[in-house]
Each structure stands twice: as C-alpha cells, then as structure tokens.
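Spelled out, the chains give:
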Amino acid sequence: VVPVAPQACVCRSASEQCELVFQAPFSSFSGKKARTFDLEAMFEQTRRTAVERSRKVLEAREREKEDQAEKAFKSPCADSSASASSATGAGSTLTHRETACSESGDSSDEELTGPSMQSQTSAQGPSEDTDDDDDEFIGPPLPPGFKDSDDDNDDTEEEDTNPVKKIPDSHEITLQHGTKTVSALGLDPSGARLITGGYDYDIKFWDFAGMDASLQAFRSLQPCECHQIKSLQYSSTGDVILVVSGNSQAKVLDRDGFPVMECIKGDQYIVDMTNTKGHTAMLNSGCWHPKIKEEFLTCSNDGTVRTWDVNNEKKHKSVFKPRSVQGKRVIPTTCTYSRDGKLIAAGCQDGSIQIWDRNMSVHTKFHCRQAHAPGTDTSCLTFSYDGTVLASRGGDDTLKIWDIRQFKKPLNSAEGLPSFFPMTDCCFSPDDKILVTGTSVKKGGGSGKLFFFYRETFQKLYEIEVTDASVVRCLWHPKLNQIMVGTGNGLAKVYYDPVKSQRGAKLCVVKTKRKERQAETLTQDYIITPHALPMFREPRQRSTRKQLEKDRLDPMKSHKPEPPVAGPGRGGRVGTHGGTLSSYIVKNIALDKTDDSNPREAILRHAKEAAENPYWVAPAYAK
C-alpha cells in the first residue's frame, strides 16, 4: 500500500484523478523486485495524517458554507454536508467532494483525503455502508494480526510490577549427564553449547542446534583422569574452556575438548607460596577474566589465589594470599572477578570475604571478617551486572547480598537454605532484579528446590521443585533467558519459556528423534541358479533383517562385550596386572589354591607313584 498525499482537483473530474493516482505508483512496479516496508508504522502514520487532514478540511468547509453559500446552491450543498459529516470512511468524504466539484466548479482549493475509489458509482457504494458503522476508521485497513501498541504497553507494565512473570519456567528439558552429582555447568556466550562436569570425572558437551529430541551429548571425555570436576567456564569469546578439577593443575580446552594448556604444578617443599610457580594442593574454583580473554583465576587449598595467562603455562601471573585476623594462612574456597575485571574477590574458610585490586596483590582493598560462619565453605561469590553488589552463598545455609563500599554488614540475607556441596551456586537474573540459588537435601529427604529472591527486599518470590536430589549448580543465561540447573543425581535441567526465551532448548525439542538403523551384516552376493544340479545348488537366501531385529530384543545376543580394563580398575572390575615380575608373582600366588597345611602328608601323597614309576631318583642310582 502506498500512502498518497492529498492533491487539488484542478481540471479533471474526481474519478479520473483517482484512476491516475492509483495507476501511477503501481505502473512502475512491473519487472522490479518488491521492496520491504515497515507496514505497521506506515499504516499508523497514514491513519493519523488522514484523520487530521479530514478534520481540517471539514472545518474549513463548514465555515465556507456558512459565510458564502448562495440561496440557489444552498439545498444540495446542505444535503451533501450532512452526509459528509455523518460518514466516517474515506469514500463518503470523496462523495461529498465530487458533489461540490460538479455543481459549484469552485473546488480547486479542496483536498483529497484517504484512498480514493475508481469511479463515482463505486465511491457511493462504500459510503452507504460506512454510514452504518460506528468505528472511526480513515485510511487503509490494518493488516491481520495487528496489535495496538497500548495492549503491549499494558503487558509490559504488568511484567514490571510482577517480576515472577519474567521467570522462564513454563517448560523444561532434562539432560542425563550420568548417575553422580553434576558439579559444574558452563554455557558459551552465544548460548549455543552447554558443558556439564560431574563427580564421575566426565565432561559432556551438548550442542542445542545439533541435538534432536533424544537429547544426547555429542562428546564425552575425562580430561583430568580420576579427579572430580569442580568448575567449568567458557572464556568471554567462547573459544576456550577452563577446567578446574580436584588436582592442583587447571586445564584449558578448546571448544571441541582438545587440550590447549595445563598449568604447572608448584614445588610443595617451598614454604612461601609466592616463590613457587603454581599451586601445590587441590584446586577449589576458577573463572575467566570478563574483559581479557587470555587471563583466568584459580584458588587452591595451598592458601593462594593465582592469575594465569593462557599463553604462558610455565608460571602464574600474580599471587594473592588471603590472611586471617592473626595474619595466618586461610584457604580460599571460591573466587571471582568483578564485572569490569578490576577487582578479585575470594571467600575463605574462616568465614571472611576478601577483595583485592587486580593490580595490587599485597593488601586487600575491601574485606569483611565475619561474612559467614567460621569453618564453613563459602561456595559461591558473584557480582551483580551493574557491579555495585556482591552476592555470597555460604556453607552456613545462608544467602547474603553486600554493598562492597559498606562492607561491614550485609544489605539483606536469607537463612534456612541447606547446602551440602562446596560449589552450590547463586546467580543474578539478566535484568539484575532477582537472585537465584539452589538447596541441598539428604537422600529420601524431599525435593531439592530452586529459590528466587527479589534483590531489593530479599522477599522470596518463587520456588521450583527440581528433583528428589540436591540442586548444586544454577545458571541464568542473559541471551537465551533460560535457566540451567545441575543436580545431585546426575541430571542437568534446562527451564525455558517458548515466548520469553530465545534459541537454546527451543531448537532441539522441535526436532524428531532419528530412527536408529539396524546393523546390516555384509553378506556374499547370492547367485540364483534354478536349473543347477542339487549338489551344486545353494540354499535359499533368507532375509536377515527380521532375524537381526529379533537378536536386538534378546538381551544375551545383544550384550556388548566389556572392553579390557586399562590402568587402574574401576566399575567393580580389577585392573590388569602390570608387566613387572613382582605383579606377575603376586597374581599367581593369588591363583594358587593348593593346601599345604600338613607338609608330611603332602609329600607322602606321591610315594606310591614314585615306587611304581621311579623316574627322578631310582634311575640315577640304579647302578
């Protein structure tokens, strides 16, 4: 639809001008590619302009008729003005204009309003219909499905007043990581890939765009052998992954799980941890710098927080050493960067939270000594998106929120949130108004829940019963607007809303499961020879497909043989013996089942056979 500017009717009749107006724009379209317009904005603008102009034209006409109407021309003009004022559609305005034009001839100053009709007869038809309608509608009709902007505003106002409506929890999918606790979750910045790590030492890669409704991981690996995974995080660009496990060396993998670097292990015999090149004890946590894509942070049981450069695995960049009130070493259980990357925060086992300037590692910039109960593991620290507030999840079953500029007491706190894991999470919603954390439960002690607190008042807004096990990890991705949850029974759940959420889980739930193909065995070509002699005739070829399908249903025939165990035993199976002589002897001793409790009887057992068949002793001494 092309909005037409009003034009004066100079020397043509109205119907001829309408034909010209409508034919001229569309005649140039032949053979050209259509352009894309924002139709809703054009319709709205056209409607407003048409209403305004028709009102002005009608007012001008009313005044003109009252002042200059002649007696002979009075009656037809009065009829036409009545019809024009009662009609609200575009056609009736045009009818009145035509009457005035044909009878007075003095209509060069009048304007054409709205889309005009092809001829006078077609213009009169709609004018009679629109007289009956009460709706004021001038200009082209609105497209189907057009919603007034007022309705949208009402919805957004309602969402602003009720933050619960922003929580995307109407739908969920469950990803089966394994049977043990999912202790680490990571999403890349674009939200295309999810990684999960657990107490079973496995890391699994999930690609939302590549998965179908069967929800299978596309890769599984054990980068840290027999160490539990503590933390996983994609870098700010999403091209590498930081893996923090139960050993003393953090690893960096690329997007596909191949190793990029491994931090060096420090010398455990050096007393001053500043003088050693890396961590000497188990790692607790780690994260990437939000701005510098090559830098990351780790904390360890050796009492240090260290920063590293991906390009230099031989030595850390800097060391931060948390200290207690007495100046003694304390163990940091969690660490994080502020949103701008200028501050480094660590939660320690003495209940303190200590914050350093990234460039000055000696003295803390802010610290709170009694943030949580001493002797408990502060499991998570996270800064709000605006950077002014720090949230801490304590091992003393509390969730607290702090203004680091006034660090003596928390702004708000919530109690009664059990936490049995040293990596129980808390995170902020994308709009920074809601704080989320999970709770732990004992086996058979109810359901683990996800709690949502309003940041300003710490009022509990909402809770989700996740599963009958603890909720350990939670992550609310700002681009996808989806909530990922890691649980104590090996599940990774994704909560989303089809309307509010983007991509992510929505991509894979709509894809149907791929039908598994039965393994077809390679058979020799069957040559049909109907007239061959019976001794040369091959037996008739039977279909192997049905037999294969039956075999697949048989648990004995379709049992996959166990692969040989390499290295130490696991899964209830003893590992293979090594290649050394001692291991071989030990294995044979274990296999030797002869009973040598009475040596005299054991020797005399062979006396009869030696007398009848002398072989060893008698032949030598016969002569």
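Since the model is a prediction, treat every value here as computed from it, not as a measurement.

Calculation rules
- Residues numbered from 1 in each chain as written.
- Predicted model: local features only at pLDDT ≥ 70, side-chain atom pairs only at ≥ 80, totals over all residues.
- Heavy atoms only, no water.
- Salt bridge = Lys/Arg side-chain N within 4 Å of Asp/Glu carboxyl O.
- Helix = DSSP H or I, 4+ residues; strand = E, 2+ residues; numbered from the N terminus.
- Buried < 20%, exposed > 50% of the residue type's maximum accessible area, 1.4 Å probe, protein only.
- Pairing = 2+ DSSP bridges.
- Axes fitted to C-alpha atoms, helices over the stretch in contact; angles between N-to-C directions.
- Disulfide = S-S within 2.5 Å.
- Lys, Arg positive; Asp, Glu negative; His and termini not counted.
- Polar contact = N/O pair within 3.5 Å; in protein donor to acceptor, adjacent residues only side chain to side chain.
- Contact = heavy atoms within 4.5 Å.
- Patch = residues over 30% accessible without salt bridge, like charges linked within 9 Å, V, L, I, M, F, W, Y side chains within 5 Å.
- Areas by Shrake-Rupley, 256 points an atom, 1.4 Å probe, with all protein chains shown as cover.
- Charge placed at Lys NZ, Arg CZ, Asp CG, Glu CD.
- Phe/Tyr/Trp six-rings, centres within 6.5 Å; stacked < 30°, edge-to-face > 60°.
- Lys NZ or Arg CZ within 6 Å of the ring centre and 35° of its normal.
- UniProt positions renumbered as here; feature names shortened; annotations may be inferred.

**Remarks on the pattern of salt bridges**
Enumeration over the complete set of coordinates arrives at 22 salt bridges. Of the charged contacts in the structure, one is a salt bridge between Asp431 and Lys166, with a shortest N-O distance of 3.3 Å. Here Lys166 lies in the loop between helix H6 (149-161) and strand E1 (171-176) and Asp431 lies in the loop between strand E22 (426-428) and strand E23 (434-438), a separation of 265 residues in the sequence. Owing to a relative accessible area of 32%, Asp431 belongs among the partly exposed residues under this scheme. Of the charged contacts in the structure, one is a salt bridge between Asp256 and Arg193, with a shortest N-O distance of 3.3 Å. You can see Asp256 sitting in the loop between strand E8 (251-254) and strand E9 (259-262) and its partner Arg193 sitting in strand E3 (residues 193-198), a full 63 residues away along the chain. Look at Asp256 and you get partly exposed, because its relative accessible area is 31%. Taking relative accessible area as the criterion, Arg193 reaches 14% and is therefore assigned buried.

**A short note on the sheet that holds strand E17 (residues 366-368)**
The antiparallel open sheet is built from four strands, whose spatial order is E14-E15-E16-E17. This sheet does not close on itself; its edge strands, each paired only once, are strand E14 (332-337) and E17. Neighbour to neighbour, the strand axes of the sheet diverge by 15° on average, direction disregarded. Inspection of the sheet shows E14 paired to strand E15 (residues 343-348) by five bridges, in the antiparallel sense.

**A closer look at the sheet that holds E3**
Remark on secondary structure: sheet strands pair via backbone hydrogen bonds, oriented parallel or antiparallel. Spatial strand order, E2-E3-E4-E5: four strands in an open sheet with antiparallel pairing. What marks the edges here is a single partner per strand, and that holds for strand E2 (182-187) and strand E5 (219-221). On average, each strand axis in the sheet is tilted by 15° relative to the strand beside it, whichever way the strands run. The pairing of strand E4 (residues 203-207) with E5 spans three bridges and is antiparallel. Directly across from Lys204, in E5, lies its bridge partner Ser220.

**A closer look at the pairing of strand E24 (residues 448-454)**
Most of E24 sits out of view: five of its seven residues are buried. Relative to E24, E23 runs antiparallel, the two being bridged by five bridges. Pairing of Gly438 across the sheet is with Leu450, part of E24. Relative to strand E25 (residues 460-467), E24 runs antiparallel, the two sharing six bridges. In the strand pairing of E25, Phe451 is matched with Glu463.

**Side note on the state of the cysteines**
The tally for this structure, following the rule as stated, stands at zero disulfides. Counting only cysteine sulfurs, Cys380 is the nearest neighbor of Cys426, a cysteine outside any disulfide, at a range of 3.8 Å. Judged by relative accessible area, which is 3%, Cys426 ranks as buried. In this model Cys427 remains outside any disulfide bridge; the closest cysteine sulfur is found in Cys474, 4.1 Å from its own.

**What about the side chain of Lys400?**
If you trace the backbone, Lys400 turns up in strand E20 (residues 399-403). The buried charged residue Lys400 lacks any salt bridge partner; its closest oppositely charged side chain belongs to Asp396, at an N-O distance of 4.9 Å. A polar contact is formed between the side chain of Lys400 and the backbone oxygen of Ala371, at a distance of 2.8 Å. Those residues within four positions of Lys400 in sequence are excluded, and the remaining contacts are Ala371, His372, Leu390, Ala391, Ser392, Pro410, Asn412 and Ser413.

**Description of a negative patch on the surface**
Residues Glu62, Glu64, Glu66 and Asp67 make up a contiguous surface patch of negative charge. Positionally, Glu62 belongs in helix H2 (residues 39-68).

**Here's the deal with the packing of aromatic side chains**
Taken as a whole and assessed by the stated rule, the structure comprises nine aromatic pairs. Centroid distance Phe452 to Trp476: 6.0 Å. Interplanar angle 85°. Geometry classified as edge-to-face. Taken together, the positions of Phe452 in strand E24 and Trp476 in strand E26 (residues 471-477) put the pair 24 residues apart, joining distant regions of the chain. Residue classification places Phe452 among the buried positions, given a relative accessible area of 0%. Take Trp476: its relative accessible area is 5%, and that puts it in the buried class. Three or more aromatic residues joined by ring pairs make a cluster, and in this case those are Phe451, Phe453 and Phe458. Cation over ring: Arg339 sits above Tyr385, and NZ or CZ is 4.2 Å from the ring centre.

**Some thoughts on the UniProt feature "repeat: WD" (unreviewed entry) in the chain**
Per the UniProt entry, the sites bearing "repeat: WD" (unreviewed entry) are residues 175-207, 276-318, 337-357 and 381-405 in this numbering. Across residues 337-357 one finds 0% helix and 57% strand; the C-alpha atoms that close the span lie 10 Å apart.

**Notes on the side chain of Ser183**
Relative to the helices and strands, Ser183 resides in strand E2. If sequence neighbours within four positions are ignored, Ser183 has contacts with Gly197, Gly198, Tyr199, Ile229, Lys230, Met423 and Arg473.

**Notes on the environment of Thr376**
On the secondary structure map, Thr376 appears in the loop between E17 and strand E18 (380-383). In contact with Thr376, not counting residues within four places along its chain, are Cys348, Gln349, Gly395 and Asp396. Within the local environment of Thr376, its side chain forms a polar contact with the backbone oxygen of Ala373, the two atoms lying 2.6 Å apart.

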